[in-house]
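# Survey of secondary and tertiary structure
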Amino acid sequence: MIRVAQVFLFIIFSISVQSQTKKFKVVLDAGHGGKDYGATYHGNIEKKISLNTVLKVGEILSKESNIEVVYTRKTDVFVELDERANIANRSKGHLFVSMHCNANANEGASGNETYVMGITKNAANLEVAKKENAVVTLESDYKIKYDGFDPNKPESVIGISIMQEENLQQSIDIAGKVQQAFTKFTPNKNRGVKQAGFLVLRKIIMPRVLIEMGFVSNKNEGAFLNSEDGQDKLAQAISTAILGYRDEFFKNEAVTTPKKEEPKKETPKKTENKVVNNDNKTAIDGVTFKIQISASGKKLETLPQNFKGLKNITIEKENSIYKYFYGQTESYSTAKQLLEEAKAKGYTSSFIVPSKNGKKIKLSEAIK
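Fair warning: this is a prediction, and the values are worked out from it, not measured in the lab.

A few words now on the pairing of strand 14 (residues 351-356). When you tally the buried positions in strand 14, you get five out of six residues, the bulk of the element. In this sheet, strand 15 (residues 359-360) lies alongside strand 14 in antiparallel orientation, the contact comprising two bridges. Bridging across to strand 15, Ser-355 finds its partner in Lys-360.

Let's shift gears to the environment of Asp-76. Looking at where Asp-76 falls in the secondary structure, it is placed in the loop between strand 4 (67-71) and helix 3 (81-91). For Asp-76, a relative accessible area of 44% corresponds to the partly exposed category. In contact with Asp-76, not counting residues within four places along its chain, are Gly-33, Gly-34, Lys-47 and Leu-51. Separated by 2.8 Å, the side chain of Asp-76 and the backbone nitrogen of Gly-34 make a polar contact. Engagement of the side chain of Asp-76 in a polar contact is seen with the side chain of Lys-47, the distance being 3.0 Å.

What follows deals with the sheet that holds strand 5 (residues 95-102). Strand order in the open sheet formed by six strands is 4-1-5-8-6-7, and the pairing between neighbours is mixed. Taken across any chain shown, the strands that pair with only one partner, and hence form the sheet edges, are strand 4 and strand 7 (190-196). When strand polarity is set aside, the average angle formed by the axes of neighbouring strands in this sheet is 25 degrees. Across five bridges, strand 6 (residues 112-117) lies against strand 7 in parallel orientation. The residue of strand 7 that forms the bridge with Tyr-115 is Lys-194.

For the rest of this paragraph, the subject is the environment of Leu-243. For Leu-243, the position within the fold is in helix 8 (residues 228-249). Leu-243 gets classed as buried once you look at its relative accessible area, which sits at 18%. In this structure the C-alpha to C-alpha distance between Leu-243 and Ile-174, which are 69 residues apart in sequence, comes to 9.8 Å.

Attention now goes to the side chain of Asp-173. Along the chain, the position of Asp-173 falls in helix 6 (residues 168-185). Summary of buried charges: Asp-173 has no salt-bridge partner, and the nearest side chain of opposite charge, Lys-323, is 4.7 Å away. If we ignore the near neighbours within four places in the chain, the residues touching Asp-173 are Phe-249 and Glu-318.

Calculation criteria
Residues numbered from 1 in each chain as written. Predicted model: local features only at pLDDT ≥ 70, side-chain atom pairs only at ≥ 80, totals over all residues. Heavy atoms only, no water. Buried < 20%, exposed > 50% of the residue type's maximum accessible area, 1.4 Å probe, protein only. Helix = DSSP H or I, 4+ residues; strand = E, 2+ residues; numbered from the N terminus. Pairing = 2+ DSSP bridges. Contact = heavy atoms within 4.5 Å. Polar contact = N/O pair within 3.5 Å; in protein donor to acceptor, adjacent residues only side chain to side chain. Axes fitted to C-alpha atoms, helices over the stretch in contact; angles between N-to-C directions. Lys, Arg positive; Asp, Glu negative; His and termini not counted. Salt bridge = Lys/Arg side-chain N within 4 Å of Asp/Glu carboxyl O.

This is the structure:
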């Protein structure tokens, strides 16, 4: 019996060691750099503000023992958009955060906003994407590299080839956390979560957001962005959002160290949860699956004619984004069928969203 107890404790210790080595990896991307200055107004230079803030965020995150920080640049150098994506994907990161500053000919415009990758016809969102995407003209053969993309035509953003967005839900959630943290730590206006086609985000295979921290074209806000105090507050807000995201979405990846416990002589109790057969796997009762077919800043009536004939459409609002779902089932097998139906109707970027007792969870956890 003593031998069994020793083996049990060894297993717990092994799990503990593995947990300490499993780190949450964040890729921080400072927009622009080198020959690309970004937006410049009133002596406020976007490339400098974005780099300074990224380094401050990285410094805060690096104090956490279970976080690894990866940078696309740490100095004033020019990094092509595709290479930023390559750095992120090679790192096998869990989250990509790109930091920028906004600008507008109307110098009264102010506030912060966070973008997720998506297709939009909203003129304001397209204009922001156009400005950030214009950096490609500094790259050689950009029309070939980016499939004929023309930064001078905002509508061409709509034609960007977008990978199947399996991480849209997580991207929206981290974007929402960023905006909430901005409201808490900065005095600036919250412009919400938005969607647009950013080239820097298009090839990244992890949850990813692009943050417009404020307007350098606004004298007061630009001075805030360019100040040490302002950058400290921005960094505190962004790092708080990242840590909150880690705690919510990465907690099931064993980032905490379990306590050592002596084995107890107890008869296992029967679980009160029902178990249902789920595509040759088992799932605890309370897990449901829905198919997210789109997310938009525009609210639509949940009528079949608005969703290519699909019925049983539900809607949820998070921050300023409306998310549309098709169907609901407790069977993962049925969920996969619903997913194929949605794709057949043209919603090629749709994906399965699982939840347990009303709270969204990871798909891997749901079908475990």
